Amino acid sequence: MQNPPQPPPGAIPIPVGPGGQMPTPQQIAAMQQQLAAEAQKHGMTVPQFVEHVKAQRLAQLQQAQRQQQQQQGGPGGPQGPRPGPPPGAQGQPQPIRPGPPNPVAIALANFLRSQPLKPRTCIINGERKDMFRVKRALRALQSPAYAKARAKNPALPEITDRASLENTFKLLPMSMLALRVSKVDPHEGHDHPPKKGKRIKGLWTVRIEQQQDAADDMYYVWLYEGSQIMRKVYGALALVLIFTVVLYPLWPLVLRQGVYYLSWGFLMLLGLFFLMAIFRVILFCITYFVVPPGLWLYPNLWEDVSFMDSFRPVWAWHETAKPKKKKKASKSVNAESAAQLAGQTGHPPPATATTTATTTQVQTAPQQRAYVAPRVEELADDE
């Protein structure tokens, strides 16, 4: 079987039909007329338009090859198309292929950031980030709040089954807005044994996992911090404030006098506060000997309370610690009362036992009807 002849450079290529069959002269004339019309529309001659179309087709093929190599893990990956579900498939979960964030993923992240996902703080690459569990995010996507958000923003994906739910959630790792992490030991790989320091509850050291799945018991860390508009506004206001303070010598005279009087007012209030603190200590020392246990003016002044609660109540008595009764003293009192009761009734007192750190002595009264005065042996406390 002979190959069809190739057209010379700059000539119009003639497509070959199935089976190598050449088109009819009428079809060739129609194609030439259509090609000439397209070239005239673009302001080119027919050979220039043909070369332009060839260059566009070659660029599209090269771009498709580059995308295929990136999806397969780089230039050294296996050749050939990578199997996977078609775009938009709702019947099965789609594989995660990270890329630049899209508006739909950002809208989804803003919605989930506003939901009560019970985030916990974790440490990743030496930075503190918020971490959440996948099942709470999936519940939020199935809640009526998501339906209301989707009514306001129809671009959010529709959720009909488990596969579409996971595909919607996977928009976050695909846009690098949230990534799956797992807990690791911060001292893993070190020569020294793990340090027994004070553990902060809920503070994990995590690392990013290569496999970005969406199981219920997995954890994801937020890389998306939301809109930064307010942070930029606050930063600009801080710069304006600093610049205003620096230009204090250029202020009008009225403003500088006002600031001068306000500064003296704040200094007087601060001095009054310290005088009150000294006076309350002197008052307590006097009342401690005159009317014990002593009186405190503003007892909550140095407590960890709000500003208003620091001055409530106005005064209160000093709280003294209740003395703790020793167990051995209580045992001796119980033995003495039992012996007195036995002497009054005429019955023999019960056996008593006293225990020390070194020896144990047991004393039992003689079994007789005669009255015997109770005898209690007291031992010194062993420290």
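Residues numbered from 1 in each chain as written. Predicted model: local features only at pLDDT ≥ 70, side-chain atom pairs only at ≥ 80, totals over all residues. Heavy atoms only, no water.

Draft legend 1. Broad picture of the pattern of salt bridges. Considering all chains together, one arrives at nine salt bridges under this definition. For K41, the salt bridge identified is with E38, shortest N-O distance 4.0 Å. On the criterion of helical spacing, the pair formed by K41 and E38 is a turn pair, its members being three residues apart in helix 1 (residues 25-41). Residues participating in the shared-partner salt-bridge network are E127, K129, E225 and R231. (Salt bridge = Lys/Arg side-chain N within 4 Å of Asp/Glu carboxyl O. Helix = DSSP H or I, 4+ residues; strand = E, 2+ residues; numbered from the N terminus.)

Draft legend 2. Structural context of the packing of helix 4 (residues 134-141) against helix 6 (residues 162-169). Remark: helix 4 packs on helix 6, axes separated minimally by 10 Å, with the N-to-C direction vectors making an angle of 110 degrees. Between helix 4 and helix 6, the interaxial angle falls into the category roughly perpendicular. The chirality of how helix 4 crosses helix 6 is right-handed. Residues V134, A137, L138 and L141 of helix 4 form the contact with helix 6, whose own contacting residues are R162, L165, T168 and F169. (Axes fitted to C-alpha atoms, helices over the stretch in contact; angles between N-to-C directions. Parallel < 35°, antiparallel > 145°, perpendicular 65-115°, else oblique. Left-handed = near helix turned anticlockwise from the far one by under 90°. Contact = heavy atoms within 4.5 Å.)

Draft legend 3. Structural context of the packing of aromatic side chains. Counting across every chain of the model gives 14 aromatic pairs. Arranged with centres 4.9 Å apart and planes meeting at 35 degrees, the rings of F132 and W222 form a pair that is tilted. Separated by 90 residues along the polypeptide, F132 in strand 2 (residues 127-133) and W222 in strand 5 (residues 219-222) bring together distant segments of the chain. Feature note: the residues F132, F169, Y220 and W222 constitute an aromatic cluster, connected by ring pairs. It is R120 that lies over the ring of W204; its NZ or CZ is 4.4 Å from the centre. (Phe/Tyr/Trp six-rings, centres within 6.5 Å; stacked < 30°, edge-to-face > 60°. Lys NZ or Arg CZ within 6 Å of the ring centre and 35° of its normal.)

Draft legend 4. Just the nonpolar core, in detail. Among the nonpolar cores identified, the biggest contains 26 residues, and L108, L112, F132, L141, F169, L172 and W222 are the most heavily contacted of them. Where this core is concerned, the elements lending two or more residues are helix 3 (103-113), helix 4, helix 6, helix 7 (171-174) and strand 5. By residue number, the principal contributor to this core is helix 3, which donates six residues. Once residues lying within four places of it in the same chain are set aside, the contact partners of L141 are L108, F111, L112, Y146, I159, L165, T168 and F169. (Core = buried A, V, L, I, M, F, W, Y, C linked by side-chain atoms within 4.5 Å. Buried < 20%, exposed > 50% of the residue type's maximum accessible area, 1.4 Å probe, protein only.)

Draft legend 5. Inspection of unusual backbone geometry at higher detail. Residue P292 is joined to P293 through a cis peptide bond whose omega torsion reads 10 degrees. Assignment of secondary structure puts P293 in the loop between helix 9 (253-290) and strand 6 (295-297). Residues other than glycine seldom take positive phi values, yet N125 does so here, at roughly 55 degrees. In this structure, N125 sits in the loop between strand 1 (120-124) and strand 2. N125 gets classed as exposed once you look at its relative accessible area, which sits at 73%. One non-glycine residue, Y298, adopts positive backbone phi at about 55 degrees. Relative to the assigned elements, Y298 resides in the loop between strand 6 and strand 7 (315-317).

Draft legend 6. Region of the structure containing helix 8 (residues 229-246). The terminal C-alpha atoms of helix 8, which comprises 18 residues, lie 26 Å apart, in line with the 26 Å expected from a rise of 1.5 Å per residue. Little of helix 8 is tucked away: zero of the 18 residues are buried. (Expected span 1.5 Å × (residues − 1).)

Draft legend 7. Spatial organisation of the sheet that holds strand 2. The strand order 1-2-5-3-4 describes a closed barrel built from five strands, whose pairing is mixed. Taking each pair of neighbouring strands and ignoring which way they run, the sheet shows an average axis angle of 55 degrees. In the packing of helix 4 onto the sheet, the strands contacted are strand 2 and strand 5, and the crossing angle to strand 2 comes to about 60 degrees. (Pairing = 2+ DSSP bridges.)

Draft legend 8. The arrangement of the environment of R139 in detail. Mapped onto the elements of the fold, R139 is located in helix 4. Here the alpha-carbon distance between R139 and L117, two residues 22 residues apart in the chain, equals 9.2 Å.

Draft legend 9. Structural context of the environment of V134. Following the sequence through the fold, V134 ends up in helix 4. Residue V134 is classed as buried on the basis of its relative accessible area of 0%. Along the sequence, V134 and A215 sit 81 residues apart, while their C-alpha atoms lie 6.7 Å from each other. In contact with V134, other than residues within four places in its own chain, are F169, A214, A215, D216, M218, Y219 and Y220.

Draft legend 10. Spotlight on the confidence of the model for the protein. Across the protein, the average pLDDT comes to 76, with 66% of residues at 70 or higher. Here residues 74-91 is a poorly scored stretch, pLDDT under 50, and it has 23 contacts once near neighbours within four places are set aside; other chains count. Confidence drops under pLDDT 50 across residues 355-368; counting only partners more than four residues distant or on other chains, this segment forms 16 contacts. (pLDDT = per-residue confidence, 0-100.)

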